[in-house]
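Structural features, examined
If you want the building blocks of each chain, they are given just below.
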Amino acid sequence: MSPLPLPRKKRNRRALRTLARRNRPRPPPPPRPAATGRYFHGMEAPQAPGARDWSELQVDALSLIFTKLGAIEVLMGAGLVCHSWLDAARSPDLWRSVDMSNPKVLEKMSGNVLCAMAKVAVDRSCGQLEAFVGKWFVTDDLLKYIGDRAPSLRRLSLISCDYVSTLGVAGAIKKFPLLADLELSLCLKVSGMYVFKAIGKSCTQLKRFICCEQGVRIIYEDNIIYYSEAMRKATMTKLHTLQLFGSIINNGELAAIMDNCPNLESLDIRYCFNIKMDDTLQAKCASIKSLRLPHDSVDDYEFMDKLPTWLHCREVIFLDSDGELE
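Residues numbered from 1 in each chain as written. Predicted model: local features only at pLDDT ≥ 70, side-chain atom pairs only at ≥ 80, totals over all residues. Heavy atoms only, no water.

What follows is about the overall build of the protein chain. Secondary structure assignment for the protein chain yields 12 helices and 12 strands. Taken across its 326 residues, the protein chain has 45% of its residues classed as buried. If you take every contact in the protein chain between residues at least 6 apart in sequence, the share linking residues at least 24 apart comes to 73%. Counting every atom, the protein chain has about 18,700 Å² of accessible surface; 55% of that belongs to carbon and sulfur. (Helix = DSSP H or I, 4+ residues; strand = E, 2+ residues; numbered from the N terminus. Buried < 20%, exposed > 50% of the residue type's maximum accessible area, 1.4 Å probe, protein only. Contact = heavy atoms within 4.5 Å. Areas by Shrake-Rupley, 256 points an atom, 1.4 Å probe, with all protein chains shown as cover.)

So, in structure tokens, the structure goes:
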């Protein structure tokens, strides 16, 4: 049974009370907190009482902090905190040195992403890049990109970069006339001996060259390998530190290098088993302050898990002055 309808007067009074409640003035909203420069999902985050406003840090202080973090950390996190931090992260002075070799960060990212980030870092340097360190992800294309935009590069270090070739390295270093420090470690497609000619022609300011090789190496018995002409052209009068770990270099080639590097102070030829320390080489090495010979201990070698494997061969291989098979 349906309820009886209310009398007309009672219905009118109820409607008036409802209308009055709806038209009652609402209290004003609380004032918005002062802008702190911090954002969360597009909205300004309120600042806790007594908290410090980190967006007000001086640019010099921010730059010092960013240099301690590393290029990847700045590009992915610190530089995105607020507008003032982003401005500091775009300062060319911050990108004079780019180190992208942190294994804990690299293992979580793809090579394409890392190459793209490296190009952003190079662009932000505005031609002032002086040092670049890369591990495994670097490619010939990235090296060319750096070469076209970093004429002031003084240090280049590539570690375990299997996507880099000898031709890629040789082509890039021609664009670095100020290069003073070069490392090519565990790069399977790069031969330190092949790039020596390009280094000698282009890198007259080179002071330190590190080349640690891995993989299968060949010990030639009674062999003649004609790299000597190329070595004689590799005049690096300012070179004082040379490490050729696991290289196939022989006596003649090493002698040619030493003749053209009068300021050499440190020489490391460990695991270079094609070298036989005869009287001639011993006389040339007499002035070397720090000398590590082929059979010396490798206990302090940085890449102990990547030692090269040596095999014996009785063939004689002839190479021309460009290092090509005849």
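This part is about the pattern of salt bridges. Inspection of every chain in the model, using the stated rule, returns 11 salt bridges. A salt bridge links Asp141 to Lys119, with the nearest nitrogen and oxygen atoms 3.0 Å apart. Taken together, the positions of Asp141 in helix H7 (residues 140-149) and Lys119 in helix H6 (residues 111-124) put the pair 22 residues apart, joining distant regions of the chain. On the accessibility criterion, Asp141 (48% relative accessible area) is partly exposed. Assessed through its relative accessible area of 24%, Lys119 is described here as partly exposed. Ionic contacts of the salt-bridge type, sharing partners, join the residues Asp268, Arg270, Arg292 and Asp300 into one network. (Salt bridge = Lys/Arg side-chain N within 4 Å of Asp/Glu carboxyl O.)

Moving on, we come to the environment of Asn250. Tracing the chain through its elements places Asn250 in the loop between strand E9 (241-245) and helix H11 (251-259). Separated by 22 residues in sequence, Asn250 and Cys272 have C-alpha atoms that sit 8.0 Å apart. Of the polar contacts made by the side chain of Asn250, one reaches the backbone nitrogen of Gly252; its length is 3.4 Å. (Polar contact = N/O pair within 3.5 Å; in protein donor to acceptor, adjacent residues only side chain to side chain.)

Our focus in this paragraph is the sheet that holds strand E5 (residues 155-159). With parallel pairing, the eight strands of this open sheet are ordered in space as E3-E4-E5-E6-E7-E9-E10-E11. Taken across any chain shown, the strands that pair with only one partner, and hence form the sheet edges, are strand E3 (97-100) and strand E11 (290-292). Averaged over all pairs of adjacent strands, the angle between strand axes in this sheet comes to 5°, irrespective of strand direction. In the sheet, strand E10 (residues 266-268) pairs with E11 via three bridges, with the strands oriented parallel. Pairing of Leu267 across the sheet is with Leu291, part of E11. (Pairing = 2+ DSSP bridges. Axes fitted to C-alpha atoms, helices over the stretch in contact; angles between N-to-C directions.)

Among the five residues in E9, five count as buried, and that is most of the element. With burial as the criterion, each face of E9 is covered, one bearing Thr241, Gln243 and Phe245 and the other bearing Leu242 and Leu244. Summarising the sheet, strand E7 (residues 208-212) and E9 pair through five bridges and their orientation is parallel. Within E9, the residue paired with Phe209 across the bridge is Leu242.

Okay, the packing of aromatic side chains next. By the definition in use, this model includes six aromatic pairs. Geometrically, the ring pair formed by Phe245 and Tyr271 is stacked, given 5.4 Å between the ring centres and 10° between the ring planes. Pair noted here: Phe245 is in strand E9 and Tyr271 is in the loop between E10 and helix H12 (279-284), with a separation of 26 residues, a long-range link. Ring centres 5.4 Å apart and planes at 65° place the aromatic pair Phe273 and Trp310 in the edge-to-face group. One end of the pair, Phe273, is in the loop between E10 and H12; the other, Trp310, is in strand E12 (residues 309-313), and 37 residues separate them in sequence. For the pair Phe273 and Trp310, one class covers both residues: buried. In this structure an aromatic cluster arises from ring pairing among Phe245, Tyr271, Phe273, Tyr301, Phe303 and Trp310. Over the face of the ring belonging to Tyr145 we find Arg149, whose NZ or CZ atom lies 3.6 Å from the ring centre. (Phe/Tyr/Trp six-rings, centres within 6.5 Å; stacked < 30°, edge-to-face > 60°. Lys NZ or Arg CZ within 6 Å of the ring centre and 35° of its normal.)

Following the sequence through the fold, Ile199 ends up in helix H9 (residues 192-202). Leaving out residues up to four positions away in the same chain, Ile199 has contacts with Ile173, Leu182, Leu206, Phe209 and Met236.

Turning our attention to the nonpolar core. Among the nonpolar cores identified, the biggest contains 69 residues, and Met100, Phe132, Phe137, Leu158 and Phe209 are the most heavily contacted of them. The dominant element in this core, judged by the number of residues it contributes, is H6, at six residues. Leave out the neighbours within four places in its chain, and Phe132 touches Val98, Met100, Ala118, Phe137, Val138, Leu142, Ile146, Leu153, Arg155, Leu156 and Ser157. Judged by nonpolar contacts, the second largest core, of 12 residues, contains Leu186, Cys212, Val298 and Phe303. (Core = buried A, V, L, I, M, F, W, Y, C linked by side-chain atoms within 4.5 Å.)

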